[in-house]
Every structure is written in C-alpha cells, then in structure tokens.
Amino acid sequence: MIPLFQLPEPMRHRLPDRVGSGTVRLVIATCSVSYSGRLNAHLAQATRLLMVKADGGVLIHSDGGSYKPLNWMSPPATMRVSAPDEQQHEAGISEVWTVSATKSDDTLRILISEVHEDVSHDLGVDPGLVKDGVESDLQRLLAEQIELLGSGHRLIRREHPTPIGPVDILARGPQGSVAVELKRRGDIDGVEQLTRYLDLLNRDPLLAPVQGVFAAQQIKPQARTLAEDRGIRCLVLDYDAMRGVDDADSRLF
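The structure displayed is predicted, hence computed values, not measured ones.

Thresholds, definitions, all that
- Residues numbered from 1 in each chain as written.
- Predicted model: local features only at pLDDT ≥ 70, side-chain atom pairs only at ≥ 80, totals over all residues.
- Heavy atoms only, no water.
- Buried < 20%, exposed > 50% of the residue type's maximum accessible area, 1.4 Å probe, protein only.
- Helix = DSSP H or I, 4+ residues; strand = E, 2+ residues; numbered from the N terminus.
- Pairing = 2+ DSSP bridges.
- Right-handed = clockwise from strand over helix to strand, strands pointing away.
- Arc of directions from axis to C-beta.
- Contact = heavy atoms within 4.5 Å.
- Axes fitted to C-alpha atoms, helices over the stretch in contact; angles between N-to-C directions.

S.K.: Lay out the pairing of strand S11 (residues 210–219) in plain terms, naming residues and giving numbers.
M.R.: Taken across its 10 residues, S11 has 7 buried, putting it largely inside the fold. In terms of strand pairing, strand S10 (residues 176–186) meets S11 through 9 bridges, oriented parallel. Counterpart to Lys183 in the pairing with S11 is Ala216. In the classification by handedness, the crossover that spans S11, the intervening helix H5 (residues 221–229) and the parallel strand S12 (residues 233–236) is right-handed.

Have a look at this one:
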C-alpha cells in the first residue's frame, strides 16, 4: 500500500476527512464506482461529476440522465479518503473514497484514476423553495373572488369539513349550496374526490342540494367528460389574472 504521506502534495491538501465540512465540493474525475448494501451496483470507469454536499450526501453524475444521479449516498454519512493498495495502484488508481451510511451498512466506494477539476464553495444558508400557484393559493384567491363562480355567489367558508376530509370551498349560489374542489391540474382522481364529498354533503338537510364545481388551471379532457357526466360543472382558472399580474381583457390573442 502507498502511504498517504507519499501522495503528491496538492492531492494531500484536497483530501477531506469526512463530508459535511460546511462546503459543497465538485470534483470532475475519471473513476469507477461500486455500491454495496441494500443493493449491489457498479459503474465502470468513466469521467463523471462527483458532488460532495455539506449535509453529508455524495452524488455521482454523468452528462446524461437529467437531474438524477447515477448513484448516491444519502446523509447522514461519513467519507474517508485513502491511498490505493498495491493492486489498485498498479491499475492506475490514485485515491479511494469510501462513503459509509451512518444508520446502515451501505457503502459507496469510488476509485479515482484522475482528477480533472476540484472546486469547493460555501453556499451559505439557502432560504428554501417558495412555491407559487399551489392549491392553497388558488383556494385563497377564489375565496376572495368568489364571483368567478358566477353572479350571485357568496362564500360560506374555506376548508369545509366532511367525514373524509375538507372540501376546498363551500359557497352559496342562486340555486343552493356549491362545493368547489380545486386542483392545479384537474384529472379523474380530483373528480372522484369531489364526487365523494358531494355524496356526503347532500346528506346534510341544511346544505342539500349541493352542486359541484371542479376548478383547476388545467382540466384534462377525460376529467371534464367524467365531471359533466356526473353533473359537476368545470371551471378553468387563470391564476395570473386572479392575482392581478395579467389582464385577460387586454390580450390581443
């Protein structure tokens, strides 16, 4: 085995003792990868991107496959870097990364032949993803603009409880109560959900008869067909217009 002190000086400086040091490290290297534990997998030698995250995760990416890594070790984990043994050294291996899961016996082993790039950077604290246009946003806006259901409608309450969960909006229209189920993309499952709500709500003599409105930014044709067959009205919502960033009346097309 080649002692660690015999490795080239630059390599010795960039060897991390363990992951989770507070920085994200990106390494482009020619390497082979093996995983053992809940499953066994192997990646033959090729040039890949190795990502060592501050949270302890290690991911191996290729130039294909979109965002999904070829293999990875989820945190919590520890990583040890060692010199290759004699057989590995003769095969051209310059360093060995051994990533071990903290809560299991899973091990990710990366045999590196050549490092092409090695960059580390402290990304700081991420504020997190803020989603816009989720169902709660649609519910709030429709409750504030209940007239989108038609003239003469007024809001009774949001999140009206039923024994199987709350219906998004309960309103009162010219012909009685109206139950609204909201989705960003309306599919058959949403229609089935509203159907179950309507069955329960129509058993309440204080609410019956209850009409259903299936509202979404997009409604799939199969969902529309099923809804209309069951007497449920479909309503397509323009989220941008509802939040005042798009004036539908001023469009040319």
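S.K.: Account for H5, with residues named and values stated.
M.R.: Along H5, the residues that are buried comprise Ala223, Leu226 and Ala227. One face of H5 carries all of its buried residues, which in axial projection span an arc of 100°. More than 90 degrees from the buried face of H5, the exposed residues found are Pro221, Thr225 and Asp229. On its buried side, H5 packs onto S10, helix H4 (188–201), S11 and S12. Following H5 by one or two positions, Gly231 adopts a phi angle in the positive range, close to 75°.

S.K.: Tell me about the sheet that holds S12, and name the residues and values.
M.R.: Spatially, S8-S9-S10-S11-S12 is the arrangement adopted by the 5 strands of the open sheet, whose pairing is mixed. At either margin of the open sheet sits one strand with a lone partner, and together these are strand S8 (154–160) and S12. Shown here is a sheet whose adjacent strand axes are inclined to one another by a mean of 30°, direction ignored. Here helix H3 (residues 135–144) sits on the sheet and contacts S8, strand S9 (167–173), S10 and S11; the angle it forms with S10, its principal contact strand, is near 145°.

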